[in-house]
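Next come the chains, spelled out residue by residue.
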Amino acid sequence: MTKFVLKTLINAAAIGVAAWLIKGIDLTASDWQHKALTLVLVALVFGVVNFFVKPLVKLFSLPLFILTLGLITFVINALMLWLTSWASGRLSLDFHVEGFLPALLGSLLISIVAWALHLVVRDED
């Protein structure tokens, strides 16, 4: 359980950094408490999307993985962030990704920030 909470908080921080740095990724909550809660909820949605949808997309795009030597992963990650934005809109969360390019840049930044935070914060389970 601790590992799940830690991973969710790290993803929330990474999504927050992406929303702060990348034009086209918007976190429109009014005050910092609402922004923090929204980030945690978006991180949960992001985790669910990555847990359930991403493996299916990877399976069905296996020929593209072979053809592009794995570079299709960047596109799939961007699509998962874009899907998270759509689902967040359906859940009335104040998070939106404007298009594919911000989703691509955001997914790259989220991956880098999450990786760096996982290096700093070790989970000893």
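For the structure itself, consult the block above.
The sections below set out a description of the structure shown in this document. (Residues numbered from 1 in each chain as written. Predicted model: local features only at pLDDT ≥ 70, side-chain atom pairs only at ≥ 80, totals over all residues. Heavy atoms only, no water.)

## Focus on the environment of W32
Mapped onto the secondary structure, W32 falls in helix 2 (residues 32-60). What makes W32 exposed here is its relative accessible area of 64%. Distance in space between the C-alpha atoms of W32 and V17 is 14 Å, their sequence separation being 15 residues. (Helix = DSSP H or I, 4+ residues; strand = E, 2+ residues; numbered from the N terminus. Buried < 20%, exposed > 50% of the residue type's maximum accessible area, 1.4 Å probe, protein only.)

## Digging into helix 2
For helix 2, which comprises 29 residues, the first-to-last C-alpha distance of 40 Å matches the rise-based estimate of 42 Å (1.5 Å per residue) to within 8%. Of all the bends in helix 2, the largest measures some 40° and sits at V53, one to four residues before the proline P55. For helix 2, the full list of buried residues reads T38, L39, V42, A43, V45, F46, V49 and K54. Turning to helix 2, the residues buried within the fold contact helix 1 (2-21), strand 1 (25-27), helix 4 (72-90), strand 2 (95-97) and helix 5 (100-120). (Expected span 1.5 Å × (residues − 1). Bend = angle between axes of the 7 residues up to and from the residue. Contact = heavy atoms within 4.5 Å.)

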